[in-house]
Every structure is written in structure tokens, then in C-alpha cells.
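# Reading the structure
Here's the letter readout for the chains.
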Amino acid sequence: MCGIALIVSGIKIDLSHLIPSCTCPSPQFQEGSLFSEEDIKEALKRRGPDSLGAKNVYICSEVSDDERKDCIVQSFVQKEGAVENGCGSELRGELRFIGATLQLRGVNPVVQPLTDAFGNVLVYNGEIFGGINFSSDSNDTEVLMQSLGQCCSCISHEDSRSSCHFGGSQKYVPELLSTIRGPWALIYWQDSSKTLWFGRDALGRRSLLVHWPTCHDSRLLLSSVSPLYYSQQQYDINDEKGKVEVDFWEELSCGVYSISMSPSEMDGHLIGKVKKHEWTDCALKELMMWERTSVEPKPENLRYVQSAPLTTSHKVMMALRESVVRRTTMNRIYQALPVNQRQERYAPVAVLFSGGLDSMIIAALLHQCIDSEYDIDLLNVSFDGVSAPDRISARAGLKELQKIAPLRRWNLIEIDADLQKLTSETKHVMALINPANTYMDLNIGIALWLAAGGDGWLYEETSSNGRAQCLRVKYKSEARILLVGSGADEQCAGYGRHRTKYRNRSWLGLHEEMKLDMQRIWKRNLGRDDRCIADNGKEARFPFLDEDVIRTLLDIPLWEIADLNQPSGVGDKKILREVARLLGLNEAASLPKRAIQFGSRIAPESNRKNFGSNRAANQASAGSVVIYGSSD
């Protein structure tokens, strides 16, 4: 996990292609702002504790020497320690790249931003699990930088066909990015075309926030996370309806964007024209449509459904297993400390663990994938001690995992919290979830943030005077990779609203609701979750959101995925319950769905703290009440 950011100053951003009604202000270099570059760096360093770096690209508009006196755009990457920017012209813009790195790939340290001999600059936050080939010892950021450096200078596929003179062997930037399998967000300066590229993967598994220029702050800002000290990042604007409160940040929609730099013929300012590009990979575009070929069953389909689950569930299990392999053992995990300096118990990978169906499947598959010498940390958070449903199921889940894998050392880390005492921590998480701003977002964010920190208690068996005893000792997980079950409920009909849609509109209504969930998961869940988990210097990886897993599930008829005529704990996520049984997890296979805010008991604690009681919170619809400002 890394933290990346960009500050664009001195360039007038043209959003007319993206937001037709938007008029951006002229740039101002000296102006008040809500926060500084140092504030952004402080937030990014928590995500990327291994290194922090910054690079400047200066862009100038100069008059050419020929008789036509045309304006041309030049750029200069600031050298380390250099004071001069290389631009003699007054018409200049500045791109400030910032990168903080949590290194998980390769054998040698890597410091971002990366630059090359051609003046290109890259900050990258992501993992490449396919699409671009490289060795298991390589660092994927370095390999991506090399691949981007080989791209042609074309801005669009149409341009590449008509004007590219490289025999068609070179990809253009969106084409290359469309091939990547895995989560990513990046910002890239392509010097040859004087174009800034930025974006995030099609599912939005990595956070990237944007501030489009306004009269209050004319800079263009991109960042993995908002500065931590300032959670209430809103300002007032006036429109025909009067004064309106507007969020400073917004989640960048999934996709690839470009900003082409050119001089203005009107006011002399440098102009950056923003354009959003389509994905070019056909398989990826089809995946993002999230269409299933078999939605509504015929009577004969339902007669033979009992014989089908074994085959289909085995396919799903194998797809999930490969997904876990890609996220844990396919590439060498970068070791910041030599082997002889590691603690005795070493767990390179942890699982966000409730003991429920999804986390049990992930834990069992992780056991199959990583070497037996490693521990596996299971991170469980509770706001009601041993009484929280997730604590009860986690302890039961540990026993079931120990049955199927008795030689593995499983570490159930019990993280206990008291919401009444988390005043400063709550303010901190409020900044992390921004621009999300409801009490439900905050409750989920606090639970994820505490769980990812991995600081809790562990029961250890010891022997004294020939008698075995169990001691509760302090333990902090050092795992930098955290497997999370996000995406399972959306794809396998795990939410209560899925049952409601099925009851009201049958199979087609269920399919449309699941499709909607998948197409908005980037905005409702993943950006928020990424920011809260990564703040601990941990990287969240989502086995259920692997491209091949999604494709496998879409190829299965909907009535084999779920049967919502059956009760909760039976028909919802039916396909995953079959997978659990294949893994020997018979008890977990019958557990009902519980969201983390309810399973950990933070929701009722929050309701009492903020509304006085659960009843008052329910009357106020606390899940949608904003903490500050206004909702979308």
C-alpha cells in the first residue's frame, strides 16, 4: 500500500469534456488553502511508512523561433536539490508529485516518485497480479514505469491509429492500464506528449480523491487520503438556490483520465484539458457491465439444481484459491527486516476475521497457500468484550480452523475497544472516511481502523509444573498484508435488501440489485475501507474482488448462487456455503450474515453515544444521518 498525491498549480483546468456546465477559475499561485503540502505528506506517510519523496515538473509556455511565432509547451523535471525550475517564462505551471511507499514487492528498496531518462514521472499505489509480465522478484512499480515509458504519445485510440508511426506495436497509456489485473491508482506524467495521466482500477479497489479547482482553491489536487487534522473540509458556494455547502474532496470515479497541456490563445494561461477515457480491454469492459447470462430459471432448471452445486462450488473454490495465491505467495514479499531479526512468531499475512462465512473461507484457503512455517493472524474487533456476536463466532471459528489445520499456528488477536474513550481516534477516522460522512460510515471506519491496527490480546497455552494453562498476553500483528472479504455479499446475495428485492420482483429484481451494488461498490465501500485500513501501514487485499472470481461467479446461473426462498443462513450466499463445506467448514457454512458494525457491537454503542438510545437512532435513521455538512 502506498500513498500518492499531486498538487497542480498555475494551470487553468478545462473540465468542459468531463463536466459541461463547469467553469474553472484562473490559477492563483499565492492563495489561502485549507491545508498545506506538509499536511498531505503527514497523511500519506501513515500509509507508506517505508519512504517519502517528492518531485516537481515545471511546465512553460514559450514562443517558438520560427516566423509563425507559435506558442509551444516545454517541461522540466526538477533535479534533486535544484533551486531553479528551468523555466524562464512567466507562463509556467507546476506539478508536485508526492509518494509514500509501503513496499511489498521486490528485493531492493524503492522510493517514489519514480522518474526515467525521458522526463516521465510516476507515483503508483497498487498491485499487478496479471496483464503485465514480470519475475516474482521484481517490483511491479518499477516494471510499470518501464512499460509506461514504452507507450506511444497518443492521447486516444483513434489518434494512435491515425498518427502513431511505430508499426502498431506500442500501446497508448489507457490501453496498457486496461490490461492490468489487480487493484491500482496512479498519477503519471508523460513528457513526450505533455500529458498528465491519472486514474484508478475499474472496481475502485484503491482510493483516489480529487479536488477540482474552485474559486476557493484553484489548485487541482489528487490524493489517496485527505489530510488528517482537518475532517470538515467543506466550503460555501452561492448558486441560484442560495448558499450551498460543498465537500472539498470527492471520490474520483473509476477510470483513466488525461490532462493535455497547451497554451491559451485568450488570456495567456497554460490550459489543461481533462478527458476521461474508455477501457479498451474487451474482457474488462464486459466484466464491468456485470451481466449474467442465466438470471431467471425454468422449472426444469430448479429440478436439477441439487446435482449442480458440487461442480459449480468447486469451480468457485478453485477461483478463490488462485485469487488468494495471487495476493499472498505468487510474488516474493519484500522483507524490510533480515530473517534473523524477525520476531519468533511471524505472520506475513493477516485476515480481517469475524468467524463468519467469508472470513472463514479466506482463512482456510490462506492456510492452503502459504508455507507451514508461518503463523496466520486473525484480527477480531469487539466493542462489547466477549459478548459481541463477532467475538463469539471468531472463537468458534478458531476451533473449527484448528480442526482442519491442527499443525498451523493460528493467532486469534482479540482487539477490545470502548467507543466512549475513543475521542481523538474518532476524529482521526472522521478524516479518513472523508468524503463519506454518515454515522454508518464512521462506525464501519472505526471498526476497520482498529482491526487493521492488529493491537490486541492473544491466548497462549503454556505448561507449568506439568499442568497446561492458557494465558492472555498482549500481541500486535506485524503482518503488512490484510485479506478482507469485501465483495462476497454483493456478488452472492448476502444483504437483507437482496431478499426484499427478490420477494418484490423475483429473480430479475435480485439481479438488478446485485448489479447496482457491484457498480457502486467503489463509492460506497472500497475507497473508505482502503483509507481506514491503509492508515495503519497495512495493505487490504480483496480475494472476492479478483477479476477471475467475478467472472466465475457471473458464469454461474443466479439460482445456483442463491436461493432466497430458503431462510437466512441457508439460501443467501448458497454457493459460498457449499464452498465452506468443501473446505470442511461445516459450522461456518450455516452462519447468518452480520455486518461488522453490528457483529462488533459498535453500532449500538454509537447510537447510545450520539442519539441517546438505539430507539432514538432508529427513528433518526442513523445509518444515513451525516456527521457534518450535507450528504450527496
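Residues numbered from 1 in each chain as written. Predicted model: local features only at pLDDT ≥ 70, side-chain atom pairs only at ≥ 80, totals over all residues. Heavy atoms only, no water.

Under an unreviewed UniProt entry, the name given to the protein is Asparagine synthetase domain-containing protein 1, and the organism recorded is Sesamum radiatum.

### Looking at the environment of Leu379
Within the element layout of this structure, Leu379 appears in strand E18 (residues 376-382). We classify Leu379 as buried; its relative accessible area is 2%. Spatially, the C-alpha atom of Leu379 lies 5.1 Å from that of Leu352, the residues being 27 residues apart in sequence. Setting aside its immediate chain neighbours within four residues, Leu379 contacts Ala350, Val351, Leu352, Phe353, Ile413, Ile415, Ala451, Ala452, Gly454, Ser477 and Leu482. (Helix = DSSP H or I, 4+ residues; strand = E, 2+ residues; numbered from the N terminus. Buried < 20%, exposed > 50% of the residue type's maximum accessible area, 1.4 Å probe, protein only. Contact = heavy atoms within 4.5 Å.)

### Concerning empty space enclosed by the protein
The tally for this structure, following the rule as stated, stands at three cavities of 30 Å³ or more. The computed volume of the largest cavity comes to approximately 120 Å³. As for the largest cavity, its lining consists of 16 residues, and the residues nearest its centre are Cys2, Leu102, Asn139, Asp140 and Thr141. Among the elements of the structure, strand E7 (121-126) and helix H2 (140-149) are those that each provide at least two residues to the lining of the largest cavity. Residue composition of the lining of the largest cavity, by class: six nonpolar, six polar and four charged. (1 Å grid on protein atoms, 1.4 Å probe; cavity = no way out; pocket = protein on both sides within 12 Å on 5 of 7 lines; lining within 4 Å. Points joined across faces, edges and corners; volume = space filled by probe spheres on them. Nonpolar A, V, L, I, M, F, W, Y, C, P; charged D, E, K, R; others polar.)

### Things to note about the sheet that holds strand E8 (residues 184-190)
Here seven strands make up an open sheet; going across it, the order is E2-E16-E15-E9-E8-E7-E6 and the pairing mixed. On the outer flanks of this sheet lie strand E2 (11-14) and strand E6 (114-115), each paired with one strand and no other. Here strand E15 (residues 255-263) pairs with strand E16 (residues 270-277) via eight bridges, running antiparallel. Its bridge partner being in E16, Val256 is matched across the sheet by His277. (Pairing = 2+ DSSP bridges.)

### Some words on the packing of helix H10 (residues 423-433) against helix H11 (residues 439-453)
Describing two packed helices takes the angle between their axes plus the distance from one axis to the other. Close contact between H10 and H11 brings their axes to 9 Å; oriented N to C, the two are set at 110°. Overall, the two elements H10 and H11 adopt an arrangement that is roughly perpendicular. Contacts between H10 and H11 pair Glu425, Thr426, His428, Val429, Met430, Leu432 and Ile433 from the former with Asp441, Leu442, Gly445, Ile446 and Trp449 from the latter. Considering only residue class, the contact of H10 with H11 consists of seven nonpolar, three polar and two charged. (Axes fitted to C-alpha atoms, helices over the stretch in contact; angles between N-to-C directions. Parallel < 35°, antiparallel > 145°, perpendicular 65-115°, else oblique.)

### Side note on the pattern of salt bridges
Scanning the entire structure with this criterion turns up 49 salt bridges. For the salt bridge of Asp530 with Arg47, the shortest nitrogen-to-oxygen distance reads 3.1 Å. Placement of the pair is Asp530 in helix H14 (residues 521-534) and Arg47 in helix H1 (residues 37-47), with a sequence separation of 483 residues. When sorted by exposure, Asp530 lands in the same class as Arg47, which is buried. A salt bridge links Arg105 to Asp140, with the shortest nitrogen-to-oxygen separation between them at 3.4 Å. On the criterion of sequence distance, the pair formed by Arg105 in the loop between strand E5 (92-101) and E6 and Asp140 in helix H2 is long-range, its members being 35 residues apart. (Salt bridge = Lys/Arg side-chain N within 4 Å of Asp/Glu carboxyl O.)

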